[in-house]
Amino acid sequence: MEKPSRQLAARADAIAQASVEPMYQDPFWEARYGPERARRFGDEDARFHVRYLVQSLDEQRPSVMEGYARWLRTLLVSRGMSTFHLDANFAGLASALEAEGWGPGTEPYEHVRAAREALRYPEGPSRTLQDDAAELSRAATARLALYLTQEDRPRLEEELRLQLSYLADALDADKPELMADHVRWYVGFWPRRGFGLLAFPTVLGMLKAVLGGRHPQARALLATAGVSWEETRS
């Protein structure tokens, strides 16, 4: 039987395209990078994901995908993206593999799983924030329920996980300006998320509240980002 890496290489373009197509439903990419650049770079990144996966399978070393994931995260974070975005890309690749018959337990799928796991910070405040992100998002969403329809609640939870991912990345890099730059851009984009009267500063304020005493560094960094944004308005 032909090796999985060879089978994957033969289907590389189709799998890459299938993995990234759902991403383009998110208006973030077009707004942040422009429609042409967003699709060009998105397609290119998807092909690179598959190429590294083929290499990882050829060498039978999931560490190839793990190293690639960590390296790529550093690059993308410097360009206005977050760990959340990269993990979503890898999740799309896992779904595309599953559609081709390589589901959980198969080598290709498990190598992608290793890449996603490598995106978890090893220790410190950034890792604690990643571990608590789902719980924090649920707590903040519950407190903001007055502004939301029932259908909006899952969308806001996902949105809050995205914001917490930006925060964790800035913490790990020890670069508060990453979060400040993100907030300055995102406040103008926020109306496109479609949460009606719920304002982005209100969302950030609620995140700061639920971070509480368990995440003092994250809370302080978020407060700094908010001050930075306020200063640009005055």
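As a reminder, the structure under discussion sits directly above these lines.
Just so we're clear, the structure is a prediction, and the values are computed from it rather than from any experiment.

Tell me about the overall build of the chain, and please be specific about residues and values.
A count of helices and strands for the chain gives twelve helices and zero strands. For the chain, the sequential pattern of α-helices and β-strands runs α-α-α-α-α-α-α-α-α-α-α-α. In terms of overall size, the chain behaves like a compact globule, its C-alpha atoms giving a radius of gyration of 19 Å where 234 residues would be expected to give roughly 17 Å. Taking the principal axes of the C-alpha coordinates as reference, the chain spans close to 65 × 35 × 30 Å. Counting over 234 residues, the chain shows a buried share of 45%. Across the chain, the fraction of contacts at a sequence separation of at least 24, relative to all contacts at a separation of at least 6, is 68%. With an accessible surface of roughly 11800 Å², the chain has 50% of that area assigned to carbon and sulfur atoms. Each charge sign in the chain was given a centre, from 30 positive and 34 negative side chains, and these centres are 2 Å apart.

How would you explain the pattern of salt bridges if you had to name every residue and give the values?
Counting across every chain of the model gives 15 salt bridges. Close ionic contact of R193 with E159 constitutes a salt bridge, the shortest N to O distance being 3.0 Å. Placement of the pair is R193 in the loop between α10 (176–189) and α11 (200–211) and E159 in helix α9 (residues 152–173), with a sequence separation of 34 residues. In this structure R193 comes out as buried when scored by relative accessible area, which is 12%. When its relative accessible area of 5% is taken as the criterion, E159 is described as buried. The structure contains a network of salt bridges with shared partners spanning K3, R6 and D58.

So what about helix α7 (residues 107–118)? Which residues, and what values?
In this model, α7 (twelve residues) spans 17 Å end to end at C-alpha, consistent with the 16 Å of a helix rising 1.5 Å per residue. Where α7 is buried, its residues contact α1 (4–10), α4 (35–59), α5 (62–77) and α6 (83–99).

Account for unusual backbone geometry, with residues named and values stated.
For Q60, which is not a glycine, the phi torsion comes out positive at approximately 55 degrees. Among the structural elements, Q60 can be located in the loop between α4 and α5. Of note, D174 is a non-glycine position whose phi angle comes to about 55 degrees, a positive value. Within the fold, D174 resides in the loop between α9 and α10. Looking at D174, the relative accessible area reads 65%, which means it is exposed.

Hey, could you go over α11 for me, with residue numbers and the actual values?
An ideal rise of 1.5 Å per residue puts 16 Å on twelve residues; α11 measures up with 17 Å between its terminal C-alpha atoms. Taken as a whole, α11 has its buried residues at F200, V203, L204, M206, L207, V210 and L211. Buried residues of α11 fall within an arc of 160 degrees about the axis and therefore sit on the same side. Immediately beyond the C-terminal end of α11, within one or two residues, lies G212, with a positive phi of roughly 50 degrees.

Please give an account of the packing of aromatic side chains that cites residues and values.
Two descriptors summarise a pair of aromatic rings, namely the distance from one centre to the other and the angle between the planes of the rings. Under the defined criterion, the tally for this structure stands at 15 aromatic pairs. Against the face of Y24 rests R39, its NZ or CZ located 3.9 Å from the ring centre. Between the NZ or CZ atom of R51 and the centre of the ring of F48, over which it lies, the distance is 5.2 Å.

What counts, and at which threshold
Residues numbered from 1 in each chain as written. Predicted model: local features only at pLDDT ≥ 70, side-chain atom pairs only at ≥ 80, totals over all residues. Heavy atoms only, no water. Helix = DSSP H or I, 4+ residues; strand = E, 2+ residues; numbered from the N terminus. Rg over C-alpha atoms; globule rule 2.2 N^0.38 Å. Buried < 20%, exposed > 50% of the residue type's maximum accessible area, 1.4 Å probe, protein only. Contact = heavy atoms within 4.5 Å. Areas by Shrake-Rupley, 256 points an atom, 1.4 Å probe, with all protein chains shown as cover. Lys, Arg positive; Asp, Glu negative; His and termini not counted. Charge placed at Lys NZ, Arg CZ, Asp CG, Glu CD. Salt bridge = Lys/Arg side-chain N within 4 Å of Asp/Glu carboxyl O. Expected span 1.5 Å × (residues − 1). Arc of directions from axis to C-beta. Phe/Tyr/Trp six-rings, centres within 6.5 Å; stacked < 30°, edge-to-face > 60°. Lys NZ or Arg CZ within 6 Å of the ring centre and 35° of its normal.

By themselves, these figures tell us nothing about what the structure is for.
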